[in-house]
Amino acid sequence: MDITIHNAFLPHNDADAALSFYRDTLGFQVRNDVGYNGMRWLTVGHPDQPGTSLVLTPPAADPGVTDDERRTVIEMMAKGTYAILTLATPDLDSTFAELVASGTEIVQEPIEQPYGVRDCAVRDPAGNLIRINEVS
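Looking now at the overall build of the chain. Along the chain, the regular secondary structure elements total 3 helices and 8 strands. Mapped in sequence order, the helices and strands of the chain form the string β-α-β-β-β-α-β-α-β-β-β. Its C-alpha atoms give the chain a radius of gyration of 15 Å, within 12% of the compact-globule value 14 Å for 136 residues. Oriented by its inertia axes, the alpha-carbon framework of the chain measures out at about 40 × 35 × 35 Å. Relative to its 136 residues, the chain shows a buried fraction of 35%.

This paragraph deals with the sheet that holds strand β3 (residues 39-45). Spatially, 4 strands are ordered β1-β4-β3-β2 in an open sheet, and the strand pairing comes out mixed. Strands at the two margins of the open sheet, each flanked by one partner only, are β1 (7-11) and β2 (29-36). Averaged over all pairs of adjacent strands, the angle between their axes in this sheet comes to 20°, without regard to strand direction. Relative to strand β4 (residues 53-57), β3 is paired through 3 bridges, and the arrangement is antiparallel. Residue Val44 lies in a different strand from β4, and its bridge partner there is Leu54.

Moving on: the packing of aromatic side chains. Describing an aromatic ring pair means giving the distance of the ring centres and the angle of the ring planes. Within this structure, the stated rule accounts for 2 aromatic pairs. Ring centres of Phe21 and Tyr22 lie 4.9 Å apart, and the angle between their planes is 90°; on these two criteria the pair is classed as edge-to-face. According to the relative accessible area criterion, Tyr22 is buried, its value standing at 0%. An angle of 35° between the planes, with centres 6.2 Å apart, marks the rings of Tyr22 and Phe28 as tilted.

The next thing to look at is the pattern of salt bridges. Per the stated rule, a full pass over the model turns up 10 salt bridges. The salt bridge partner of Asp33 is Arg40, with a shortest N-O separation of 2.8 Å. In this structure, Asp67 engages Arg70 in a salt bridge whose closest nitrogen and oxygen atoms are separated by 3.2 Å. Of this pair, Asp67 and Arg70 both sit in helix α2 (residues 67-79), 3 residues apart, which is roughly one turn of that helix. On the basis of relative accessible area, Asp67 is assigned to the exposed category, the value being 53%. Residue classification places Arg70 among the partly exposed positions, given a relative accessible area of 23%.

Let us look at the sheet that holds strand β6 (residues 105-112). Spatial ordering of the open sheet is given by β5-β8-β7-β6, a layout of 4 strands whose pairing is mixed. If you trace the sheet from one side to the other, it starts and ends with β5 (84-89) and β6, each paired once. Each neighbouring strand pair of the sheet contributes to a mean axis angle of 20°, computed without reference to strand direction. Note that strand β7 (residues 118-123) and strand β8 (residues 129-134) share 5 bridges and pair antiparallel.

A few words now on the nonpolar core. Ranked by size, the top nonpolar core spans 21 residues in total, and within it Leu10, Tyr22, Leu54, Leu56, Leu85, Ile130 and Ile132 carry the most contacts. Looking at this core, the elements that each hand over two or more residues are α1 (15-25), β3, β4, β5, α3 (92-102), β7 and β8. Among the elements that make up this core, the one with the highest residue count is α1 (5 residues).

Reading the values: rules and limits
Residues numbered from 1 in each chain as written. Predicted model: local features only at pLDDT ≥ 70, side-chain atom pairs only at ≥ 80, totals over all residues. Heavy atoms only, no water. Helix = DSSP H or I, 4+ residues; strand = E, 2+ residues; numbered from the N terminus. Rg over C-alpha atoms; globule rule 2.2 N^0.38 Å. Buried < 20%, exposed > 50% of the residue type's maximum accessible area, 1.4 Å probe, protein only. Pairing = 2+ DSSP bridges. Axes fitted to C-alpha atoms, helices over the stretch in contact; angles between N-to-C directions. Phe/Tyr/Trp six-rings, centres within 6.5 Å; stacked < 30°, edge-to-face > 60°. Salt bridge = Lys/Arg side-chain N within 4 Å of Asp/Glu carboxyl O. Core = buried A, V, L, I, M, F, W, Y, C linked by side-chain atoms within 4.5 Å.

Following this line, the structure appears as structure tokens:
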């Protein structure tokens, strides 16, 4: 089977803040910016990975989601327990220093994990947990 990851979805609650973080802080390209019914979807991705994108969506925009479910999603986003994204970098210390300098919310400084990964953790403006692994 020949299959790849094309899109992954992550919620946001402020499109401009999400755009600033993913484009300006992380250096991702904006591939699409779509508004509909007062909501906004952003598609971003790393310039060297044109076939893989991250779609930043309004929380629980699906019309089948109830208001109570939408509130739960928003509460979980705020706590950083709804969605997790793992990114990778060859130089974790440099990347972490840039994130600190940008004012990104730090959850965990770079550390050697007991399961063999060196990583750190931050939150995006919506509260989503972003782990960054050091890879060679």
